[in-house]
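So you can see what is in the structure, the chains are spelled out below.
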Amino acid sequence: MLNKEKIAVIGMGALFPGSETLEQFWENLMGNKDLVSNARFEDFGADPALFFHEEKGKLDHCYALRGGFIRDFKFDPTGYQLDADLLNRQDHLFKWSLYVAKAALQAGGYYRNPALDRCGVILGNLSFPTRYSRQVLSPLYAGMAEEVMETLSGESIPVQASRTTYPADLEHTLLSNAPAALIAQALGLRGAHYSLDAACASSLYAVKLACDELHAGKADMMLAGAVSAADPLFIHMGFSYFHAYARQNEMSAPMDIRSGGLTSAEGAGMIVLKRLSDALRDGDQVLATIEGVGLSNDGKGKFLLSPNPKGQKLAFERAYSQTKLQPEALDYLECHATGTPLGDKTEFNSIADFFVSEGLQAPLVGSVKSNMGHLLTAAGMAGIIKVILSMQHRVIPATIKVGAPLRSDNGQIGPDQIITNNRPWPLKGKTPHAGINAFGFGGTNAHLILSAFDTQETALPATPAPVTEQRLAITGMDIHFGDCSDLETFYLSLFSGKQHFRSLPPERWKGLENLKSYLPAFAKDLKGAWLESYELDLLRFKIQPKEAERLTRQQTLILKVAYRALQDAGMQAESSASANVAVITAMESELEIHHRMGRWDLSWQVNRALENAGLKLSEAREAILAGALKDAIFQAFEDHSPSEHTGFIGNIISSRIAALMDFTGPAFTVSSNENAVYKALEIAR
């Protein structure tokens, strides 16, 4: 592992709450600014008060409205290799990603450079609804509500779709699986490009996989970054269901024992990477060097949303196995610390256990989330860029709002280590060294080691691993394609030439087949090898019956197929304890998730429709009507539990497999349209 060459960071781009440039970001950090604000109409697509309820777990409501929001950003669609009007029609997800990618290349001196022929991009991204995808699909659910109201009342009562003013339409609006591809096309990158979902560890996963591309010689330069641009209403509803937020009247502060939970945020960040020897040869400005990145999964744990010190420690160990640096060399550790009491305490205990031994000085710790909230997929980017700027200025900005500092159980990490005032870089040796933690849902862990660049340092080119010799052995398989529920039926279909095309089963339309005017004509008899039903061993997969009914089918089907493939390979859950096995799943966004958005929009649509039609109902009758319409679009339950909501989190698809088998290798999903399967295989190699 130690023969791998260091990777140089030569450019950065950032778009964070209150910051459109690196300079603004640094000024905000040094000014100890609180960049969190309350949601506005444009964030939720309606008055946020419609969705607020102070009680936790209230159906169709969120109990917190705070967030780190991008405000007043104006995207310039010119200067890219794609039509400006096309780019201007895209969601913030794409605009923010393009903006930081372009800014990073400009900062590194490679914007519109021929070297981009050997450059790729790996982008962390949540596979959730966006503002634009919500608007594109909103007419479907408004149409369903309209027809139900007409049936009930006997007269036409138009229901207004999403009230936002984005130029979003089905023909021109891309969905969340394509931002990396758009960056590659718009900036002329010819290397590998794909999006991944490793939840809140996505940024560091993107960096690790980009480093792998460089170490293997498959690219000479890589963009690595992440974007957090899911629909804010969806994010706030989801975290409210998980009880992860602090209430509106509670403190939300990383590393403070009084904190009631996290605050979510949005934005994007990107860095440009090259092999250090190439960067020095080409005269690039080296901002910092990456010593190593360790990835892990918790494997078996108490629950998919509960952090596990075992998995965090594994990420630490794997990162330091890639460098000659010892853990005690770390001057500073940018923590994942989000403000959730359990998560912050678990992280402090992991740090104390790994980085502090008798007679050794603990690293100082801090969290940029205290300034602007938790950027989810892009959180690691905010941490990396903060640390690099801190190394350059030899100053670490304060972690703000900490009045009652958290302590590890053994007291090794506590008030003396938390940086609560701006202070000079605490140099232990000749060169600053720092770590960045990123932990995500499903036990997804990452730890990255950064060093400041010593201008006297030289780098001998390392010989990239010969890609052609890295052959994979396929040792187990399983499938479920349409009616082909196993390998035997699949083989017989191929052998006999059997075709499985038929009309889409009615239940798959979820009521849309009854729409008079909103269902496209081509969909009336849509042919395909559709999946109708499959058996699921709930006991084997440790899924409660109620949860199984409410999970997206993506998660349960792949769990079944993966388990049988592992059995085919001779692996059993009982014999694979803590095995360093990675789980990489090709996945695209499940549009079914938008049913929830359609349900929530009815919170204002019913009232507006009745008002426009000149109809008046009592408050109780209107609530009954709204409830019936909501259930017609998406059946939700007052007794919902956090476990059922993990069913729409992309990376949980892989994490469920890792948890079932106690695999501790990295577990995440890859999105690259029809190429995603081949990307997953290449990443595995």
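In this report, we go over the structure that sits alongside the text. This one's a predicted model, so the numbers in the text were calculated from it and none came from an experiment.

Here is what the cut-offs are and how they apply
- Residues numbered from 1 in each chain as written.
- Predicted model: local features only at pLDDT ≥ 70, side-chain atom pairs only at ≥ 80, totals over all residues.
- Heavy atoms only, no water.
- Helix = DSSP H or I, 4+ residues; strand = E, 2+ residues; numbered from the N terminus.
- Rg over C-alpha atoms; globule rule 2.2 N^0.38 Å.
- Buried < 20%, exposed > 50% of the residue type's maximum accessible area, 1.4 Å probe, protein only.
- Contact = heavy atoms within 4.5 Å.
- Areas by Shrake-Rupley, 256 points an atom, 1.4 Å probe, with all protein chains shown as cover.
- Lys, Arg positive; Asp, Glu negative; His and termini not counted.
- Charge placed at Lys NZ, Arg CZ, Asp CG, Glu CD.
- Core = buried A, V, L, I, M, F, W, Y, C linked by side-chain atoms within 4.5 Å.
- Salt bridge = Lys/Arg side-chain N within 4 Å of Asp/Glu carboxyl O.
- Pairing = 2+ DSSP bridges.
- Phe/Tyr/Trp six-rings, centres within 6.5 Å; stacked < 30°, edge-to-face > 60°.
- Lys NZ or Arg CZ within 6 Å of the ring centre and 35° of its normal.
- Polar contact = N/O pair within 3.5 Å; in protein donor to acceptor, adjacent residues only side chain to side chain.
- 1 Å grid on protein atoms, 1.4 Å probe; cavity = no way out; pocket = protein on both sides within 12 Å on 5 of 7 lines; lining within 4 Å.
- Points joined across faces, edges and corners; volume = space filled by probe spheres on them.
- Nonpolar A, V, L, I, M, F, W, Y, C, P; charged D, E, K, R; others polar.
- Expected span 1.5 Å × (residues − 1).
- Arc of directions from axis to C-beta.
- Axes fitted to C-alpha atoms, helices over the stretch in contact; angles between N-to-C directions.
- Parallel < 35°, antiparallel > 145°, perpendicular 65-115°, else oblique.
- Left-handed = near helix turned anticlockwise from the far one by under 90°.

1. As for the overall build of the protein
Step number 1: On a plain count of helices and strands, the protein comes out with 23 helices and 18 strands.
Step number 2: Relative to the globule expectation of 26 Å for 685 residues, the C-alpha radius of gyration of the protein, 25 Å, shows essentially globular dimensions.
Step number 3: For the protein, the spread of C-alpha atoms along the three principal axes comes to 80 × 65 × 50 Å.
Step number 4: Scored against the burial criterion, the 685 residues of the protein give a buried share of 59%.
Step number 5: Intrachain contacts of the protein at a sequence separation of at least 6 include 81% that bridge at least 24 residues.
Step number 6: Roughly 27900 Å² of accessible area belongs to the protein as shown, and the carbon and sulfur atoms make up 52% of that amount.
Step number 7: Distance between charge centres in the protein, computed from 64 positive and 77 negative side chains, equals 2 Å.

2. A short note on the nonpolar core
Step number 1: Membership of the largest hydrophobic core comes to 63 residues, with the highest contact counts inside it found for V207, L273, I290, I384 and L450.
Step number 2: Here the element with the most residues in this core is helix α13 (residues 379–393); it accounts for nine residues.
Step number 3: Not counting chain neighbours up to four residues away, the residues in contact with V207 comprise A224, I271, L273, I290, V293, M381, I384 and L448.
Step number 4: In this structure, A46, F51, L233 and W604 belong to the second largest nonpolar core, which totals 55 residues.

3. What to know about the pattern of salt bridges
Side chains that differ in charge, positive against negative, can pair when their charged atoms come close.
Step number 1: Overall, the coordinates contain 30 salt bridges when judged by the stated rule.
Step number 2: The closest approach of N and O atoms between R89 and D85, which form a salt bridge, is 3.3 Å.
Step number 3: Two residues, E532 and R502, come together in a salt bridge whose shortest N-O distance is 3.2 Å. Of the two residues, E532 is situated in the loop between β16 (527–528) and α16 (538–541) and R502 in strand β15 (residues 502–503); the sequence distance between them amounts to 30 residues.
Step number 4: Take E532: its relative accessible area is 48%, and that puts it in the partly exposed class.
Step number 5: The network of salt bridges with shared partners includes R118, D220, K274, R275, D278, R281, D282 and D284.

4. Observations concerning the pairing of strand β14 (residues 444–451)
Step number 1: With eight of its eight residues buried, β14 lies for the most part within the structure.
Step number 2: Alternating residues of β14 divide into T444, A446, L448 and L450 and N445, H447, I449 and S451, and every residue in both groups is buried.
Step number 3: Pairing of strand β8 (residues 288–297) with β14, which is carried by eight bridges, proceeds in the antiparallel orientation. By the bridge assignment for β14, T289 is matched with S451.
Step number 4: Direction of pairing for strand β13 (residues 433–440) relative to β14: antiparallel, over a ladder of eight bridges. Bridge pairing links G435 to I449 in β14.

5. Focus: the packing of aromatic side chains
Step number 1: Within this structure, the stated rule accounts for 23 aromatic pairs.
Step number 2: A ring pair is formed by Y63 and Y245, whose centres lie 6.4 Å apart and whose planes are at 80°; its orientation type is edge-to-face. With Y63 in the loop between α2 (41–44) and β3 (66–67) and Y245 in the loop between α8 (232–241) and β7 (267–275), this pair connects stretches of sequence that are 182 residues apart. For the pair shown, Y63 and Y245 are each scored as buried.
Step number 3: Measuring from ring centre to ring centre gives 5.2 Å for F242 and F441, while their planes differ by 80°; the resulting arrangement is edge-to-face. Of this pair, F242 sits in the loop between α8 and β7 while F441 is found in the loop between β13 and β14, placing the two residues 199 residues apart along the sequence.
Step number 4: Overall, the relative accessible area of 13% leaves F242 in the buried class.
Step number 5: The structure contains a cluster of three or more aromatic residues connected by ring pairs, namely Y63, F239, F242, Y245 and F441.
Step number 6: Its end group placed over the ring of Y80, K102 keeps NZ or CZ at 4.8 Å from the ring centre.

6. Re the side chain of H480
Step number 1: Within the element layout of this structure, H480 appears in the loop between β14 and α14 (487–496).
Step number 2: Residue class for H480 comes out buried when judged on its relative accessible area of 11%.
Step number 3: Within the structure, H480 has its side chain in polar contact with the backbone oxygen of G482 (distance 3.4 Å).
Step number 4: Looking at H480, its side chain comes within polar contact range of the side chain of K560, at 3.1 Å.
Step number 5: Those residues in contact with H480 that lie beyond four places of it in its chain are S485, L531, S533, Y534, L557, K560 and V561.

7. Details of helix α6 (residues 179–187)
Step number 1: Within α6, eight of the nine residues are buried, leaving the element largely enclosed by the surrounding structure.
Step number 2: For α6, the complete set of buried residues consists of P179, A180, A181, L182, I183, A184, A186 and L187.
Step number 3: On its buried face, α6 sits against α3 (84–88), α4 (92–108), β4 (119–125), β5 (193–197), β6 (221–228) and β7.
Step number 4: A positive phi of about 75° marks G188, the residue just after α6.

8. Section: empty space enclosed by the protein
The rolling of a water-molecule-sized probe over the atoms marks out the regions of remaining empty space.
Step number 1: Summed over all chains, the structure comprises eight cavities of 30 Å³ or more.
Step number 2: One number sums up the size of the largest cavity: a volume of about 140 Å³.
Step number 3: Forming the walls of the largest cavity are 13 residues, and the residues nearest its centre are L126, F128, F239, F441 and I649.
Step number 4: Class assignment of the residues belonging to the lining of the largest cavity gives a composition of twelve nonpolar, one polar and no charged.
Step number 5: The greatest single-element share of the lining of the second largest cavity, amounting to three residues, is contributed by α8.
Step number 6: Taken together, the residues of the lining of the second largest cavity break down into seven nonpolar, five polar and one charged.

9. So, helix α20 (residues 619–633)
What sets the pattern is the α-helix's 3.6 residues per turn: residues three or four places apart point alike.
Step number 1: When the terminal C-alpha atoms of α20 are compared, their 21 Å separation across 15 residues agrees well with the 21 Å that a helix rising 1.5 Å per residue should span.
Step number 2: L625, A626, L629, K630 and I633 are the residues of α20 that are buried. All buried residues of α20 fall inside an arc of 135° around its axis, so they share one side. Of the residues in α20, the exposed ones pointing more than 90 degrees away from the buried face are A620, R621, A623 and I624.
Step number 3: At its buried positions, α20 is contacted by α5 (131–153) and α19 (594–612).

10. Concerning the sheet that holds strand β9 (residues 332–334)
Step number 1: Strand order across the open sheet formed by twelve strands is β10-β9-β13-β14-β8-β1-β7-β6-β4-β5-β18-β17, with mixed pairing between neighbours. Two strands close off the open sheet at either side, each with one partner strand: β10 (364–366) and β17 (583–586). Each strand axis lies, on average, 25° off the axis of its neighbour in the sheet, ignoring direction.
Step number 2: The pairing of β9 with β13 spans three bridges and is classified as parallel. For Y332, the partnering residue across the bridge sits in β13 and is A434.
Step number 3: This element, helix α11 (residues 341–355), spans β9, β10, β13 and β14 of the sheet and lies at about 140° to β13.

11. Digging into the environment of A198
Step number 1: Its location among the elements puts A198 in the loop between β5 and α7 (202–215).
Step number 2: Each C-alpha atom, one on A198 and one on V121, is 16 Å from the other, the two residues being 77 residues apart in sequence.
Step number 3: If we skip the residues at most four places from it in the chain, A198 touches Y205, T444, N651 and F668.

12. Description of the packing of helix α18 (residues 553–568) against helix α22 (residues 652–661)
Step number 1: It is the contact of α18 with α22, at a shortest axis distance of 9 Å, that shows an interaxial angle of 40°. Here α22 runs oblique to α18, going by the angle between their axes. Considering the relative orientation of α18 and α22, their crossing is right-handed. Two secondary-structure elements touch here, α18 through Q554, Q555, I558, L559, A562, Y563 and L566 and α22 through I652, I653, R656, I657, L660 and M661.

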